[in-house]
Amino acid sequence: MKQVLEFEKPVMELKEKISELKNFTADSDIDLTEEIQTLEERLAKLEQDVYGNMKPWDRVQMARHGERPTTLDYIEHLFTNFLEFHGDRLYGDDEAIVSGIAKFDGRPITVIGHQRGKDTKENLRRNFGMPHPEGYRKALRHMKQAEKFNRPIICFIDTKGAYPGKAAEERGQSEAIAKNLMEMAGITVPIICIVIGEGGSGGALALSVGDRLHMLENSTYSVISPEGAAALLWKDSTLAQKAAETMMITSYDLKKLDVIDDIISEPKGGAHRDVALQSRHIRQTIERSMKELLALPEDELLEQRWEKYKKIGAYRGDEA
């Protein structure tokens, strides 16, 4: 059974009604063409009203949609000759992060991304897309390998955050994230980062320091989840919707703040409605970014990356 979000129920109900009428017409001699056409026109307007005026909480729900495409889905549609690597050469492999080499339009690249599951069994195996420190160390190992062989790096971000458990902390979770931030700032090959679902906390930031940061239209990117913010601010996690309205975590908010470079449009109803179309939109953005970045000398690439992060936020000096 497909997951239907609360705000899109009127759209789904009207689609079902149209489908029922079409089936009835096919099985009988009654012509309902005019009625169906009227309902389809009403559906087009309703879809525009619903999906064209989504609130921040609606986008949070869309970013978390159980059928939303994952890193491996996009790898299948965007790249060829993908070869996945495993392990951090220190502790073990973390399946919450996928990492490997592939070809994009014939060019060798390194692709890294958070990976959540599509069902309960896979989510348990992938730890619900929340990496342990070995996941971040695996990612960094392959980034350094990409640098050695002059391969551009593409990162897909989709996590609620790094795993906060005791074992992860014992194995150096904060150090692993901090090292990724430091090392990514100085990697000498282009890094293109794309938020495809939830971009939560340091767990997302550890794959997000790059030359270009793009977001899918209905993804989110923030220092904390709306539930976490509500629990901290108002001691009530059920006020998550209120928190989402004030946190400025949507792609449109972050574009206005110049935190991200581009918003990648989604099909009506979300990326899961048409993965092939969504992949084409992502491909166009990667092609454009790759062309711009590959034209830069190494020193200019690093200088522009440094300037990009220096310009984020507003600064006010102490007055004498």
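Just so you know, these numbers come straight off a predicted model, no measurement behind them.

Enquirer: Explain the pairing of strand S4 (residues 153–159) to me, please; I cannot follow it from the model alone.
Expert: In the case of a regular strand, side chains alternate between the two sheet surfaces. With seven of seven residues buried, S4 is to be regarded as a mostly interior element. Here S4 shows no split at all, with Ile153, Cys155, Ile157 and Thr159 on one side and Ile154, Phe156 and Asp158 on the other all buried. Summarising the sheet, S4 and strand S5 (residues 191–200) pair through six bridges and their orientation is parallel. Bridging across to S5, Thr159 finds its partner in Gly199.

Enquirer: Sorry if this is basic, but what is going on with a negative patch on the surface here?
Expert: A surface patch of negative charge is lined by Glu298, Asp299, Glu300 and Glu303. Within the element layout of this structure, Glu298 appears in helix H14 (residues 298–310).

Enquirer: Just checking my understanding: could you explain unusual backbone geometry for this structure?
Expert: Peptide bonds are, in most cases, trans, and in most cases residues other than glycine have a negative phi. Of note, Met248 is a non-glycine position whose phi angle comes to about 55°, a positive value. Residue placement: Met248 occurs in the loop between helix H11 (240–247) and helix H12 (251–256).

Enquirer: What's the story with the domain arrangement of the chain in this structure? I'm lost.
Expert: How big an interface is tends to be reported as the loss of accessible area on association of its parts. Taken domain by domain, the chain comprises domain 1 (6–53) and domain 2 (68–311). One C-alpha centre belongs to domain 1, the other to domain 2, and the line joining them spans 37 Å.

Enquirer: Even after reading the chapter, I still don't get the packing of aromatic side chains, so can you show me in this structure?
Expert: In this description, an aromatic ring pair is defined by two values, namely the gap between the centres and the angle between the planes. This model, assessed by the stated rule, comprises four aromatic pairs. Measuring from centroid to centroid gives 6.4 Å for Phe79 and Phe156, while their planes differ by 50°, and the two rings are tilted. Residue Phe79 is located in the loop between helix H4 (71–78) and strand S1 (80–85), and its partner Phe156 is located in strand S4; the two are separated by 77 residues in the primary sequence. The burial state of Phe79 is the same as that of Phe156; both residues are buried. Above the plane of the ring of Tyr91 lies Arg171, whose end atom (NZ or CZ) is 4.2 Å from the centre.

The rules behind the values
Residues numbered from 1 in each chain as written. Predicted model: local features only at pLDDT ≥ 70, side-chain atom pairs only at ≥ 80, totals over all residues. Heavy atoms only, no water. Buried < 20%, exposed > 50% of the residue type's maximum accessible area, 1.4 Å probe, protein only. Helix = DSSP H or I, 4+ residues; strand = E, 2+ residues; numbered from the N terminus. Pairing = 2+ DSSP bridges. Patch = residues over 30% accessible without salt bridge, like charges linked within 9 Å, V, L, I, M, F, W, Y side chains within 5 Å. Areas by Shrake-Rupley, 256 points an atom, 1.4 Å probe, with all protein chains shown as cover. Salt bridge = Lys/Arg side-chain N within 4 Å of Asp/Glu carboxyl O. Lys, Arg positive; Asp, Glu negative; His and termini not counted. Charge placed at Lys NZ, Arg CZ, Asp CG, Glu CD. Domains from an automatic or database assignment. Phe/Tyr/Trp six-rings, centres within 6.5 Å; stacked < 30°, edge-to-face > 60°. Lys NZ or Arg CZ within 6 Å of the ring centre and 35° of its normal.

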